[in-house]
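Working through the structure, step by step
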Amino acid sequence: MNPYVLAILLSSLGLGTTLTFASSHWLLAWMGLEINTLAIIPLMAQHHHPRAVEATTKYFLTQATAAAMIMFASTTNAWITGEWDMNNMSNSIASTMIIIALALKIGLAPMHFWMPEVMQGLDLLTGLILSTWQKLAPFALIIQVAQTVDPLLLTTLGVMSTLVGGWGGLNQTQLRKILAYSSIAHMGWMIIILQYAPQLTLLALGMYIFMTSAAFLTLKTASATKINTLTMIWSKNPILTTTTALVLLSLGGLPPLTGFMPKWLILQELAKQNLPMTATIMALAALLSLYFYLRLCYAMTLTISPNTTNSITPWRTQTTQSSMPLTLSTTIALGLLPMTPAILMLTT
């Protein structure tokens, strides 16, 4: 892609998200979401592969549907209350519609069906943008609207997303689909705690972005998109194999890695709110996700590739990619748990 075009598209992505962050007016927020969607579409379709075009079309249709629902709900709210301000969502039907539309935008269950299909058709870097940056603007709106929505709706969305995210990833062999289901499960954790401690939602979102970035950048460095490709990484880059296994376990939420921190704090907060049943279901749903992360770790570190080649395997692969973003995201994804008290001081 032409670097000038790429620069325009990436700056439009940034502009759309910033516009939504800064707005307190529904029309402006809607405009930011639309700019965001339209900026990523050329990035998704840039390879002109039928799968990429199909994924782009699916993404566009779901995002356009969600945007139309947001527009309809905000117009309904403005018609009843007489103002477009986000903080005045007194109409319960309008606020419920907006939450459902935003859930469709970020791929919460049961509006998640587009997410694995779209992710499978994209290359790894565009998939990274879709899994991380594209979640920010809808989440900013969800956090502002959440207090006016029925708590049962948010709890249902959260529990369903963690269960579907764990259950759906069990049977997958494609790494992008596994990461899509992982994304759905993590979104569930963020939504479940939103009504009780929004700062923990932001903490979980931040940690999720770093861990997912580390996973995607690792796969990009290794050029891996299927589980059986992972079995061949260890001979080419043993250090990367080790850190990747740890990043995947961090995504699963095992101590003493960073991914344990948000899960621990969310379960603690749910227990404080006298919701032991919800906390138990969430903890058990996390085990489903952990199973498919362990599958990936097993394939990478404890098996060797069944394919025999006559060529000599290179012990070190030369890569032209910048290793700095990967190093930074991996370090954060692995070593932030000891910083929990300091992070808690900042978030409370």
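This is a predicted model, so every value here is computed, not measured.

This part is about the overall build of the protein. Each helix and strand counted, the protein has 17 helices and zero strands in total. Against the compact-globule benchmark of 20 Å for 348 residues, the protein has a radius of gyration of 20 Å, which places it among compact chains. Taking the principal axes of its C-alpha atoms as reference, the protein extends roughly 75 × 50 × 35 Å. Within the protein, counting contacts between residues at least 6 apart in sequence, those at least 24 apart form 78% of the total. A total accessible area of about 15700 Å² is found for the protein, and carbon and sulfur atoms account for 70% of it. Between the mean site of the 13 positive side-chain charges and the mean site of the 8 negative ones, the protein shows a separation of 20 Å.

Another aspect to go through is the pattern of salt bridges. Under the defined criterion, the tally for this structure stands at four salt bridges. As a salt-bridge pair, Lys58 and Glu117 come within 3.7 Å of each other at their nearest N and O atoms. Note that Lys58 is positioned in helix α3 (residues 50-81) and Glu117 in helix α5 (residues 114-120), a separation of 59 residues in sequence. According to the relative accessible area criterion, Lys58 is partly exposed, its value standing at 29%. Exposure remark for Glu117: the relative accessible area of 30% places this residue in the partly exposed category. A cluster of three or more residues bridged by salt bridges with shared partners is formed by Arg51, Glu54, Lys58, Glu117 and Lys177.

Turning our eyes to something else, we now look at the environment of Gln321. Within the secondary structure, Gln321 sits in the loop between α15 (276-301) and α16 (324-335). Taking the C-alpha atoms as reference points, Gln321 and Lys220, 101 residues apart in sequence, are found 9.0 Å from one another. In this structure Gln321 touches Lys220 and Thr221, once residues within four positions along its chain are discounted.

On to the packing of helix α4 (residues 92-106) against helix α7 (residues 133-145). The N-to-C vectors of α4 and α7 enclose an angle of 155°; their axes lie 10 Å apart at closest approach. By the angle between their axes, α4 is roughly antiparallel relative to α7. In the packing of α4 onto α7, the handedness of the crossing is left-handed. On α7, the residues that touch Ser95, Ile98, Ile99, Leu102, Lys105 and Ile106 of α4 are Lys135, Pro138, Phe139, Leu141, Ile142 and Val145. Broken down by class, the residue content of the contact of α4 with α7 amounts to nine nonpolar, one polar and two charged.

The subject of this paragraph is the domain arrangement of the protein. The domain architecture assigned to the protein consists of domain 1 (1-148) and domain 2 (193-306 + 323-347). Distance from the C-alpha centre of domain 1 to the C-alpha centre of domain 2: 25 Å. Taken together, the contact pairs 14 residues of domain 1 with 16 residues of domain 2. Carbon and sulfur atoms supply 86% of the area buried between domain 1 and domain 2, which totals about 1300 Å² over both sides. On the domain 1 side of the contact with domain 2, Leu124, Leu128 and Ile143 bury the most area, a combined 42% of that side's loss. Joining domain 1 to domain 2, the criterion identifies zero salt bridges. Every element with two or more residues in the side of domain 1 that touches domain 2 is listed here: α6 (124-131) and α7.

Here we come to unusual backbone geometry. Here the residue pair Ala109 and Pro110 is connected by a cis peptide bond, since its omega of 5° sits within 30 degrees of zero. If you trace the backbone, Pro110 turns up in the loop between α4 and α5. The peptide bond linking Pro255 to Pro256 adopts the cis configuration, its omega dihedral lying at 5°. In this structure, Pro256 sits in the loop between α13 (238-252) and α14 (260-272). Positioned with a positive phi, His48 is a non-glycine residue whose angle comes to about 55°. One can find His48 in the loop between α2 (26-44) and α3. Even without being a glycine, Ser223 presents a positive backbone phi close to 50°. Among the structural elements, Ser223 can be located in the loop between α10 (198-222) and α11 (227-230).

This part takes up the packing of aromatic side chains. Counted under the stated rule, the structure contains three aromatic pairs. Taking the centre distance of 4.9 Å and the plane angle of 50° together, the rings of Phe292 and Tyr293 count as tilted.

In the numbering adopted here, UniProt assigns the feature "transmembrane region" (unreviewed entry) to residues 57-80, 92-113, 152-171, 178-196, 202-219, 239-257, 277-294 and 326-346. Within the segment residues 239-257, helix and strand shares are 74% and 0% respectively, and the terminal C-alpha atoms sit 17 Å apart. The distance from the first to the last C-alpha atom of residues 277-294 is 26 Å, and the span holds 100% helix and 0% strand.

To continue, consider a nonpolar patch on the surface. Among the surface-exposed residues, Met1, Val5, Leu6 and Leu10 lie close enough to one another that they form a single nonpolar patch of about 320 Å² accessible area. Following the sequence through the fold, Val5 ends up in helix α1 (residues 3-22).

The subject of this paragraph is the environment of Ile129. As for its position among the elements, Ile129 is in helix α6. It is 13 Å that separates the C-alpha atoms of Ile129 and Met211, two residues lying 82 residues apart in sequence. Residue contacts for Ile129: discarding those within four places in its chain leaves Leu10, Leu13, Ile40, Leu43 and Gln134.

So, about the packing of helix α9 (residues 175-193) against α14. Packed helix pairs are specified by the crossing angle of their axes together with the interaxial distance, meaning the distance between the axes. Following both chains from N to C, one finds α9 and α14 inclined at 35°, their axes separated by 10 Å at the closest point. Viewed along their axes, α9 and α14 form a crossing whose handedness is left-handed. Side by side, α9 and α14 meet where His186, Trp189, Ile192 and Ile193 of the first sit next to Lys263, Ile266, Leu267, Glu269 and Leu270 of the second. Of the residues belonging to the contact of α9 with α14, the class tally is six nonpolar, one polar and two charged.

About the thresholds
- Residues numbered from 1 in each chain as written.
- Predicted model: local features only at pLDDT ≥ 70, side-chain atom pairs only at ≥ 80, totals over all residues.
- Heavy atoms only, no water.
- Helix = DSSP H or I, 4+ residues; strand = E, 2+ residues; numbered from the N terminus.
- Rg over C-alpha atoms; globule rule 2.2 N^0.38 Å.
- Contact = heavy atoms within 4.5 Å.
- Areas by Shrake-Rupley, 256 points an atom, 1.4 Å probe, with all protein chains shown as cover.
- Lys, Arg positive; Asp, Glu negative; His and termini not counted.
- Charge placed at Lys NZ, Arg CZ, Asp CG, Glu CD.
- Salt bridge = Lys/Arg side-chain N within 4 Å of Asp/Glu carboxyl O.
- Buried < 20%, exposed > 50% of the residue type's maximum accessible area, 1.4 Å probe, protein only.
- Axes fitted to C-alpha atoms, helices over the stretch in contact; angles between N-to-C directions.
- Parallel < 35°, antiparallel > 145°, perpendicular 65-115°, else oblique.
- Left-handed = near helix turned anticlockwise from the far one by under 90°.
- Nonpolar A, V, L, I, M, F, W, Y, C, P; charged D, E, K, R; others polar.
- Domains from an automatic or database assignment.
- Buried area = accessible area lost by both parts, 1.4 Å probe.
- Phe/Tyr/Trp six-rings, centres within 6.5 Å; stacked < 30°, edge-to-face > 60°.
- UniProt positions renumbered as here; feature names shortened; annotations may be inferred.
- Patch = residues over 30% accessible without salt bridge, like charges linked within 9 Å, V, L, I, M, F, W, Y side chains within 5 Å.

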